[in-house]
Amino acid sequence: FALNLLMDPEVDLVTLTGNLPKKNLPKKGKLAGESVSFTGYRNKEEEAAIEAAGGSVVPFGSKTTILVYKAGGKASSKLDKARAKGVRVVTFDKVL
């Protein structure tokens, strides 16, 4: 019976459970609404911290609002491109 309810196009998840799916919940936190990209490195713990603060980790592109680079890392053309577009360019310790 429950499977039939899930398969029924007339019954949506909100009606069935009384809750919004997690992906549709508004994000809250210091980085809510921010799209954060990394250049020169990736760090799963830092990505998790960004998401916990309400931000989204995205590939560098038009949606990027913050670009994180590694202090002391090699120069990247992404830094100049991001600055030219008005994107905030910082090391991870300045993000949160």
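Read on for a plain summary of the structure.

Conventions used here
- Residues numbered from 1 in each chain as written.
- Predicted model: local features only at pLDDT ≥ 70, side-chain atom pairs only at ≥ 80, totals over all residues.
- Heavy atoms only, no water.
- Salt bridge = Lys/Arg side-chain N within 4 Å of Asp/Glu carboxyl O.
- Helix = DSSP H or I, 4+ residues; strand = E, 2+ residues; numbered from the N terminus.
- Buried < 20%, exposed > 50% of the residue type's maximum accessible area, 1.4 Å probe, protein only.
- Core = buried A, V, L, I, M, F, W, Y, C linked by side-chain atoms within 4.5 Å.
- Contact = heavy atoms within 4.5 Å.
- Phe/Tyr/Trp six-rings, centres within 6.5 Å; stacked < 30°, edge-to-face > 60°.
- Pairing = 2+ DSSP bridges.
- Axes fitted to C-alpha atoms, helices over the stretch in contact; angles between N-to-C directions.

## Thoughts on the pattern of salt bridges
Then comes step 1: Going through the model one piece at a time under the given rule, you end up with three salt bridges.
Then comes step 2: Between Lys44 and Glu47 there is a salt bridge, and its shortest N-O distance comes to 3.9 Å. Placement of the pair is Lys44 and Glu47 together in helix α3 (residues 44-52), with a separation of three residues, close to one helical turn.
Then comes step 3: A relative accessible area of 9% means that Glu47 is categorised as buried.
Then comes step 4: As a salt-bridge pair, Asp80 and Arg83 come within 3.9 Å of each other at their nearest N and O atoms. In this pair, Asp80 and Arg83 are both assigned in helix α4 (residues 77-84), three residues apart and thus about one turn of the helix distant.
Then comes step 5: Judged by relative accessible area, which is 46%, Arg83 ranks as partly exposed.
Then comes step 6: Salt bridges sharing partners connect three or more residues here, namely Arg42, Lys44 and Glu47.

## As for the nonpolar core
Then comes step 1: Leu31, Val36, Phe38, Tyr41, Ile50, Ala53, Val57, Ile66, Val68, Val90, Phe92 and Val95 form the largest nonpolar core, which has 12 residues in total.
Then comes step 2: Taken together, the elements giving at least two residues each to this core come down to β1 (35-39), β3 (66-69) and α5 (92-95).
Then comes step 3: Filtering out sequence-adjacent residues up to four positions away, Val57 remains in contact with Val36, Phe38, Arg42, Glu47, Ile50 and Glu51.
Then comes step 4: Membership of the second largest hydrophobic core comes to five residues, among which are Leu79, Ala82, Val87 and Val89.

## Here we look at the packing of aromatic side chains
Then comes step 1: For the structure on display, the rule yields one aromatic pair.
Then comes step 2: Each ring, one from Phe38 and one from Tyr41, has its centre 5.4 Å from the other, and the planes form 85°; the classification is edge-to-face.

## Here we look at the sheet that holds strand β4 (residues 88-91)
For sheets, the rule is that strands pair by backbone hydrogen bonds, running either parallel or antiparallel.
Then comes step 1: Read across the sheet, four strands follow the order β2-β1-β3-β4 without closing on themselves; strand pairing throughout is parallel. Only two strands of the sheet have a single neighbouring strand rather than two, namely β2 (56-57) and β4.
Then comes step 2: Pairing of β1 with β2, which is carried by two bridges, proceeds in the parallel orientation. In the strand pairing of β2, Val36 is matched with Val57.
Then comes step 3: Against the sheet, α4 contacts β1, β3 and β4, and its axis sits at roughly 155° relative to β3.

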